[in-house]
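Chain by chain, the residues run as shown.
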Amino acid sequence: MQRIDVYPTHVYQGFKLRPGRPFPFGAHLVPGGINFSVFSRHANYCCLVLFEKGAREPFVEIPFRGAFLKTDGEPTWGEFRIGNVFTITVFDLDHENLEYGYRMDGPSHGAQQGRPAIHRFDRSKVILDPYARAIAGRDVWGQKPDWTDPFQYRGRIVHDDFDWNGDRPLEIPLEDLVVYEMHVRGFTHHASSGVKNPGTFAAMRAKIPYLKELGINCVELMPIFEFDEFENSRLNDRGEMLLNYWGYSSVGFFAPKAGFASTARMHDATMVADELKTTVRELHQNGIEVILDVVFNHTAEGNEYGPCISYKGTDNATYYMLTPEGYYLNFSGTGNTLNCNNPIVRDLVLNALRYWASEYHIDGFRFDLAAILGRDALGYPLANPPLLETLAYDPILGKCKLIAEAWDAGGLYQVGSFPAYGRWAEWNGRYRDTVRRFLKDDCGLSGAMAAGLMGSPDLYSGRGPTASINFITCHDGFTLADMVSYNWKHNESNGENNNDGANDNNSWNCGVEGPSDDSGVNALRRRQIRNALAMLLVSQGVPMILMGDEIGRTQQGNNNTYCHDNELNWFDWRLLHSNADLFRFTRNCIHFRHAHPVLRGREHMRNRDYVGSGYPDLSWHGTSSWKPDWNGNVVAFLLCGRHARAGSVRDDFVYVAMNMHWEALPFELPVLPAGMLWHVFVNTSVPSPNDAHDPGQEPLLANQRSFLTGARSVAILVGR
Amino acid sequence: MAFDASLEMTSAGIAKIVLSGELDAASAPRFREEVERAAEQHAKRLVLLMGDLEFMASAGLRVLIFAKQKMGRDVDVYIVGAREPIVETIRMTGFHHSVVLVDANNADTVESL
């Protein structure tokens, strides 16, 4: 059946129009034309501005109210608005060659850049649609923008259709994930990557076999929403161009970062979408989920001095948290804070996530500075934040992973107390700090460490270990190799006199700051890296590994590399050869985790025997079996394989001894059930390849009663 | 150069479409018509000769999928002699899974089509 509402009713400067449909917001292809729909509560004037691709001047500006012609040429009055939504359908546009924006006006009371204001309408500016699903202007990464162009970020039209070939999100249980936090460009941009179109989604596809071999089953992509790498770009005193490389500054929430697509140089928005979708599809085909690191806490518009890109000019008072005078509240540390619990903004966030989940088959989301999402319009933390509740109960997001970075730059720290609604997991910052301190032998941490190893039941009682995303390193802070090589940050090349970046690194340089030719220091560093990885991968909860830690990637002591598009951030594939032993160690630890469900409980341990095996599900030990020392630098535990997955599957027994003392210590081994023997999987005190054996091929332990765990070393035994 | 697409059916029931010029949103319907014509004649195979095709936008890529859907999954779609940027585009956007890419220099294969 042909619809009866697909015919033009009005004409403006030769362009055929009709009143549009308010839903969905944004610009969508409809039969014969494009439907435009944009919200503003406070605008009293709106105009659709259409450009040919890349043109400086628009080819037409169509007002949403005024004098039009009927299709028969008779003059008529038209108003294309329903409630607070301006909506119009324009026919016969060449959508591939089109860029669009809006001009809005409304109360502004003489608002000026640099001065506080509640409203910032400015009819002289063309602004980006907050719902733009493709954004032009920064298509090719690093290509210097023409700053004199008055319309920097342009909406484009994108086809939704894609040949998914039966793909759907994988829905891997959270407890089975091994997450790899990575930057799309950094992963393959280094010349050593040896792939075509380095630094792009397509290049990432070419490296899927690497991820698979490592054992990763989930990549968490640092921001891929369109951002401007030239935001705050500048030269440092070495003459290096500093960019907004990480991208934690969204220009738009619906558009993929075009500069990450090899096809972006074609200036065809749909190809960018196709390339990303193809990448997701192939990751899924290889059993790898895709989680996006999403930044909804602020935008790229900065404070009152920042540019007017979209939200400021569309409805400043709706989109931002403002003081009564009109200053931007700054809980993000970047100038502004998105007004997340305003119903309009809540819908924006929800619709964006639904779009990514349904249109791009994204498996989950990690929310940057998520504590902000629980604040009200004046910044006060809400007891029952509507946005977080909405996301937790949303039908389309029903199987997505939702992960909070449960703190913000305004001092709200919610690790363990983030409003979870039975859904939300958290980056466990306390786990990171505890493991780091335990590793460097801070006093009396064995008790805290034990909690971390068990998925932090003290933090997540009732939520289970999967509420805990365990990590020791992430993009913020030192890499693992730097964590054992530097006591202090070295951020001079960021051009901020080393004032930026965290100071509480809990790192230890093993005796020398930075690179060393002391073989003893280097041996200790290698061991500490392995200790950290071993601890992470035997912890209950969800392990997350930072891109490159498996090959010893260094940032030369820089713990805040947000601005470096250079070797500090790029994955150097040559390290895969020079540190092949570390890669092998990491790979084996990951595969060991996959092989042993006893390491991946859905529920917290009960510390008792509930299957009649004669062993508690989990028992704690020390240098003497069954005698833990809760205030020392030694931790040992035994997982009973009969209790794997709450007793529903049968696994081997796993025993882990962690000796952070500076001397080797003999650990008395718990006695196994009759017929079982101890085998050695990991011993970080011996050189490769005996530091980690291939899972399933672990050699029998000669002395079944005691294991000498080397100085600052970890041993993992498997009983079968 | 203006877009052109012309269909030729061989006696063996193979549809050959010669494409030239720029295949974008404006010209894609023209290509689509030829595909529909080939489908109506129950072509056993679709061979797209792209040696003179200068450019293909995402709308053109979509006609390739349309062809697969219209003609059935068991009708193979061959793309012969496409220029490197077009092949690259097809690969980067993942459409190479749906078609068979054939180098025009590969005389034996081309002949057998």
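Remember, predicted model here, so these are calculated numbers, not experimental data.

Chemist: Requested: an account of the interface of chain B and chain A, with residues and values cited.
Modeler: Contacts between chain B and chain A engage 14 residues on the former and 18 residues on the latter. Those elements giving two or more residues to the side of chain B that touches chain A turn out to be α2 (58-71) and α3 (84-92) of chain B. Residue composition of the side of chain B that touches chain A, by class: six nonpolar, six polar and two charged.

Chemist: I'd like a rundown of the packing of helix α12 (residues 519-538) of chain A against helix α14 (residues 580-595) of chain A, residues and numbers included.
Modeler: Residue and element names in this part refer to chain A. One way to put it is that α12 packs onto α14 with a least axis distance of 10 Å and a crossing angle of 15 degrees. Comparing their axes, α14 and α12 come out roughly parallel. By crossing handedness, the relation of α12 to α14 is classed as right-handed. Facing Ile529, Arg530, Leu533, Ala534 and Leu537 of α12, the residues of α14 in contact are Leu582, Phe585, Thr586, Cys589, Ile590 and Arg593. For the contact of α12 with α14, the per-class residue count stands at eight nonpolar, one polar and two charged.

Chemist: Requested: an account of the packing of helix α1 (residues 28-40) of chain B against α2 of chain B, with residues and values cited.
Modeler: All names here are of chain B. At their nearest, the axes of α1 and α2 sit 10 Å apart, and the two run at 15 degrees to each other. The orientation of α1 with respect to α2, classified from their angle, is roughly parallel. The element α1 and its partner α2 pack so that their crossing is right-handed. Listed contacts from α2 to Ala28, Phe31, Arg32, Val35, Glu36 and Ala39 of α1 are Ala59, Gly60, Val63, Phe66, Ala67, Lys70 and Met71. Looking at the contact of α1 with α2 residue by residue, the class counts come to nine nonpolar, one polar and three charged.

Chemist: Tell me about helix α5 (residues 311-319) of chain A, residues and numbers included.
Modeler: Of all nine residues in α5 of chain A, eight are buried; the element is thus mostly enclosed. As for α5 of chain A, its buried residues are in contact with β11 (98-105) and α6 (343-359) of chain A.

Chemist: An account of the sheet that holds strand β30 (residues 713-719) of chain A is needed here, citing residue identities and associated values.
Modeler: Residue and element names in this part refer to chain A. The strand order across the open sheet formed by five strands is β24-β25-β26-β30-β28, and the pairing between neighbours is antiparallel. Strands at the two margins of the open sheet, each flanked by one partner only, are β24 (618-621) and β28 (678-683). The mean inter-strand angle of the sheet, taken between neighbouring strand axes irrespective of direction, is 20 degrees. Alignment of strand β25 (residues 634-639) against strand β26 (residues 653-659), held across six bridges, turns out to be antiparallel. Looking across to β26, one finds that Leu638 is bridged to Tyr655. Contacting β24 and β25, helix α9 (residues 446-453) runs over the sheet at an angle of about 30 degrees to β25. With respect to the sheet, α12 is in contact with β26, β28 and β30, its orientation differing from that of β30 by roughly 40 degrees.

Chemist: Now, about the domain arrangement of chain A: what can you tell me, with residues and values included?
Modeler: Residues and elements named next belong to chain A. Under the domain assignment used here, chain A contains domain 1 (10-156), domain 2 (176-597) and domain 3 (605-719). Relative to domain 3, the C-alpha centre of domain 2 lies at a distance of 32 Å. Tallying the contact residues gives 28 residues for domain 2 and 36 residues for domain 3. Of all elements in the fold, only α8 (429-439), α9, α12 and α14 reach the threshold of two or more residues within the side of domain 2 that touches domain 3. Partitioned by chemical class, the residues of the side of domain 2 that touches domain 3 number 15 nonpolar, eight polar and five charged.

Chemist: How would you sum up the pairing of strand β3 (residues 26-30) of chain A? Please name residues and give values.
Modeler: Two faces belong to every sheet, and in a regular strand the side chains alternate between them. Residues and elements named next belong to chain A. For β3 and strand β4 (residues 33-39), the ladder comprises five bridges, and the chain directions are antiparallel. Pairing of Gly26 across the sheet is with Ser37, part of β4. Between β3 and β4, which pair antiparallel one after the other, the connecting turn spans two residues, and Gly32 there sits at a positive phi close to 85 degrees.

Chemist: Go over unusual backbone geometry, please, and point to the residues and values.
Modeler: Residue and element names in this part refer to chain A. Phe23 connects to Pro24 through a cis peptide bond whose omega is -5 degrees. Each neighbour pair has its own omega, and for Ser688 with Pro689 the value is 5 degrees, a cis peptide bond. Of note, Pro689 is situated in the loop between β28 and β29 (706-709). Of note in this structure, Asn165 is not a glycine but carries a positive phi near 55 degrees. Topologically, Asn165 is positioned in the loop between β13 (154-156) and β14 (179-182). The exposure class assigned to Asn165 is exposed, which follows from the 11 C-beta atoms found within 10 Å. Phi is positive for Asn607, close to 60 degrees, though the residue is something other than glycine.

Chemist: Give a detailed account of the sheet that holds strand β19 (residues 364-367) of chain A, specifying residues and quantitative values.
Modeler: Residue and element names in this part refer to chain A. Read once around its circumference, the closed barrel built from eight strands follows the order β14-β15-β18-β19-β20-β21-β22-β23, with strand pairing classed as parallel. The sheet shows a mean angle of 25 degrees between the axes of neighbouring strands, taken without regard to direction. Pairing analysis gives four bridges linking strand β15 (residues 218-221) to strand β18 (residues 289-294), with the strands arranged parallel. Counted as the bridge partner of Val219 is Val290 from β18.

Chemist: Describe in detail the pairing of strand β2 (residues 15-19) of chain A, supporting the description with residues and values.
Modeler: Residue and element names in this part refer to chain A. Both strand β1 (residues 10-12) and β2 contribute to a ladder of three bridges, which runs antiparallel. Opposite Val11, over in β2, you have Lys16 as the bridge partner. Following β1, the chain reverses through two residues before pairing antiparallel with β2; Gln13 in that reversal takes a positive phi of roughly 50 degrees. Bridge analysis of β2 against strand β10 (residues 85-91) gives three bridges, and the strand direction is antiparallel.

Reading the values: rules and limits
- Residues numbered from 1 in each chain as written.
- Chains lettered and ligands numbered in written order.
- Predicted model: local features only at pLDDT ≥ 70, side-chain atom pairs only at ≥ 80, totals over all residues.
- Contact = placed C-beta atoms within 7 Å.
- Helix = DSSP H or I, 4+ residues; strand = E, 2+ residues; numbered from the N terminus.
- Nonpolar A, V, L, I, M, F, W, Y, C, P; charged D, E, K, R; others polar.
- Axes fitted to C-alpha atoms, helices over the stretch in contact; angles between N-to-C directions.
- Parallel < 35°, antiparallel > 145°, perpendicular 65-115°, else oblique.
- Left-handed = near helix turned anticlockwise from the far one by under 90°.
- Buried ≥ 20, exposed ≤ 12 C-beta atoms within 10 Å, placed from the backbone.
- Pairing = 2+ DSSP bridges.
- Domains from an automatic or database assignment.

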